[in-house]
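Single-letter residue listing:
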Amino acid sequence: MIVRDEPAREPRRKAQKSFDISKWAVVAAYEKVKANAGAAGVDEVSIQRFEENLQGNLYKLWNRMSSGTYFPPPVLAVEIPKKNGGVRTLGIPTVADRIAQTVVAMSLEPAVEPIFHPDSYGYRPGRSALDAVGVCRRRCQKTDWVIDLDIRSFFDSIDHDLLMRAVSKHTELAWVLLYAKRWLIAPLQREDGTIVERDRGTPQGSAISPLLANIFLHYVFDKWMAEQFPDICFERYADDIVVHCVNKGQAKRTLAAIAERFTRCRLELHPDKTRIVYCQDENRRGRHDHTSFDFLGYTFRRRGCRNGEGEVFDGFAPAISDTAAKEIRRRIRRWRLHWHTDLSLADLARTINPIVRGWINYYGRFYRSQLYRSLRRINAYLVRWAQWKYKRLRHHARRAWAWLNTVHDRSPALFAHWAIGGVN
């Protein structure tokens, strides 16, 4: 019997992918998404569940993105009450979709970051909201008038065609443009399961939205302002914008031009929330309808200040806004510290100190004493805690306050807020 040799097998060829996307880029994007945490999307898959088959899930995502067959699932719409009434709709993508968005953002950001305006502060490396507040404070000391701009439903109103034209200026990668467009038109799924199709806007809460919003407003506002009004300064953090003018006439003319510009770009200024503000202080006389404005959680208005030599004067300065202070007090009430008599003071401090430090680091940067008016509410709850825990203090409020002062004197760093105001 003749035995025939089997034909030699040809080496298996590596399948060709439509797009050259690095596997390591997907891994790096996953690490960023994990660090940011976040809730599950419409598939109810948390980061922990995603990690149960991490290698397989990342490979599947990379394979689909590289072949051009990745289609974003609907974005879970969650309504968050606004502090001034109404609701804001946040979009929560799935974990896999957040990773995919981050891959695109990591590719696009290095191309657009160098061209962004120096007074654009939102969601940019090395910049923060406090930087914007600090610059705004210095400029309010130099110029008398401010335009407080409010764009009506900005994230829900971005025109897709205009945005994609802007994005296409900064990348020739077809997969970046393809997936950016798919994310823009991905539907929203409400909590009751209703699907809402979208033909404009980019949902707040997605990983790619802040970058897309910055690109859009760079061309709609930042670059346009630099060309049309090169001598007028502004600060922009995402869609929060403050413009500085030397007199009321300039403010009126500039506001009219900005409104016209936004209309051409299919945006609308909120008629009730957009206003011209006079930065009134002891040297700026006269009257105006609006002499204060809010910016990034701070209220700018006339208030008592102290210079480097300790002299008191009336300046135009920022301090924590009433809205932010009210939210802090609400949060403190919800802790119900006086109910936790099963815990020690050290336990209470470990629980609340990280949150309080966050408030101090942000709202305590400017006019810290205004913040302490809200934080000292914690002391009242600690006194009530002591009265509930120790029988000897139960009906003796003055004695309980003396006890808390003794604790402070012995351990002044026990509670974070004691560093800026003590007990009284």
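Above: the structure in question.
Presented here is an overview of the structure given in this document. The model shown is predicted, which means the values in this text are computed figures rather than measured ones. (Residues numbered from 1 in each chain as written. Predicted model: local features only at pLDDT ≥ 70, side-chain atom pairs only at ≥ 80, totals over all residues. Heavy atoms only, no water.)

1. Quick notes on the state of the cysteines
- Taken as a whole and assessed by the stated rule, the structure comprises 0 disulfides.
- Of the cysteine sulfurs around C136, a residue in no disulfide, the closest is that of C140, at 4.1 Å.
- Unpaired in this structure, C279 has its nearest cysteine sulfur neighbour in C140, at a distance of 4.1 Å. (Disulfide = S-S within 2.5 Å.)

2. Points about the side chain of T171
- Within the fold, T171 resides in the loop between α7 (160-168) and α8 (174-185).
- There is a polar contact of 3.1 Å between the side chain of T171 and the backbone nitrogen of L173.
- When near neighbours in sequence (up to four residues on either side) are disregarded, T171 contacts L108, V176 and L177. (Helix = DSSP H or I, 4+ residues; strand = E, 2+ residues; numbered from the N terminus. Polar contact = N/O pair within 3.5 Å; in protein donor to acceptor, adjacent residues only side chain to side chain. Contact = heavy atoms within 4.5 Å.)

3. A closer look at the sheet that holds strand β7 (residues 240-245)
- Taken in spatial order, the 4 strands make up an open sheet running β6-β7-β3-β8, and their pairing is antiparallel. Because the sheet does not close on itself, it has two edges, and the strands there are β6 (234-237) and β8 (275-278). Strand-to-strand twist across the sheet, computed as the mean angle between neighbouring axes with direction ignored, equals 20 degrees.
- Across 6 bridges, strand β3 (residues 145-150) lies against β7 in antiparallel orientation. Counterpart to I147 in the pairing with β7 is V243.
- Lying over the sheet, helix α5 (residues 129-142) contacts β3, β6 and β7, oriented at roughly 160 degrees with respect to β6. (Pairing = 2+ DSSP bridges. Axes fitted to C-alpha atoms, helices over the stretch in contact; angles between N-to-C directions.)

4. Digging into the nonpolar core
- Counting residues in hydrophobic clusters, the biggest one holds 67 residues, and the most contacted among them are I99 and V243.
- Of all the elements, helix α9 (residues 209-228) adds the most residues to this core, at 11 residues.
- Discounting residues that sit within four places of it in the chain, I99 has contacts with V26, A29, Y30, V33, F50, L58 and L61.
- One finds Y298, I320, A349 and V423 within the second-largest nonpolar core, a separate group that totals 55 residues. (Core = buried A, V, L, I, M, F, W, Y, C linked by side-chain atoms within 4.5 Å. Buried < 20%, exposed > 50% of the residue type's maximum accessible area, 1.4 Å probe, protein only.)

5. A short note on the pattern of salt bridges
- One pass over the structure, following the stated rule, counts 15 salt bridges.
- Salt-bridge contacts for E113 lead to R124; the nearest nitrogen and oxygen are separated by 2.6 Å. A residue pair is termed long-range when its members are at least 10 positions apart, and E113 in the loop between α4 (95-112) and α5 and R124 in the loop between α4 and α5 qualify at 11 residues. Each member of the pair, E113 as well as R124, is classed as buried.
- Across the pair R264 and E260 runs a salt bridge, and its minimum N-O distance is 3.5 Å. Highlighted residues: R264 and E260, both in helix α10 (residues 248-264), separated by 4 residues, approximately one helical turn.
- Here the salt bridges do not stand alone but share partners, grouping D119, R139 and E235 into one network. (Salt bridge = Lys/Arg side-chain N within 4 Å of Asp/Glu carboxyl O.)

6. Comments concerning the sheet that holds strand β1 (residues 75-81)
- Taken in spatial order, the 4 strands of this open sheet run β2-β1-β4-β5, and their pairing is mixed. Strands with a single pairing partner mark the edges of an open sheet, and in this sheet they are β2 (87-92) and β5 (195-196).

7. With respect to the pairing of β1
- Pairing of β1 with strand β4 (residues 188-189), which is carried by 2 bridges, proceeds in the parallel orientation. Following the sheet pairing, L76 is matched in β4 by Q189.
- With 6 bridges joining them, β1 and β2 adopt antiparallel strand pairing. Pairing of V78 across the sheet is with L90, part of β2.

8. What about the packing of helix α12 (residues 345-363) against helix α14 (residues 377-389)?
- At a minimum axis distance of 13 Å, the contact between α12 and α14 shows a crossing angle of 165 degrees. One finds that α12 runs roughly antiparallel with respect to α14. Note that α12 runs across α14; the crossing there is right-handed. Contact residues: L345, L348, I352 and V356 in α12; I378, L382 and W385 in α14. (Parallel < 35°, antiparallel > 145°, perpendicular 65-115°, else oblique. Left-handed = near helix turned anticlockwise from the far one by under 90°.)

9. Section: the environment of G297
- Within the fold, G297 resides in the loop between β9 (293-295) and β10 (298-306).
- For G297, a relative accessible area of 23% gives the class partly exposed.
- Sequence spacing of G297 and Y362 is 65 residues, and the spatial spacing of their C-alpha atoms is 9.2 Å.

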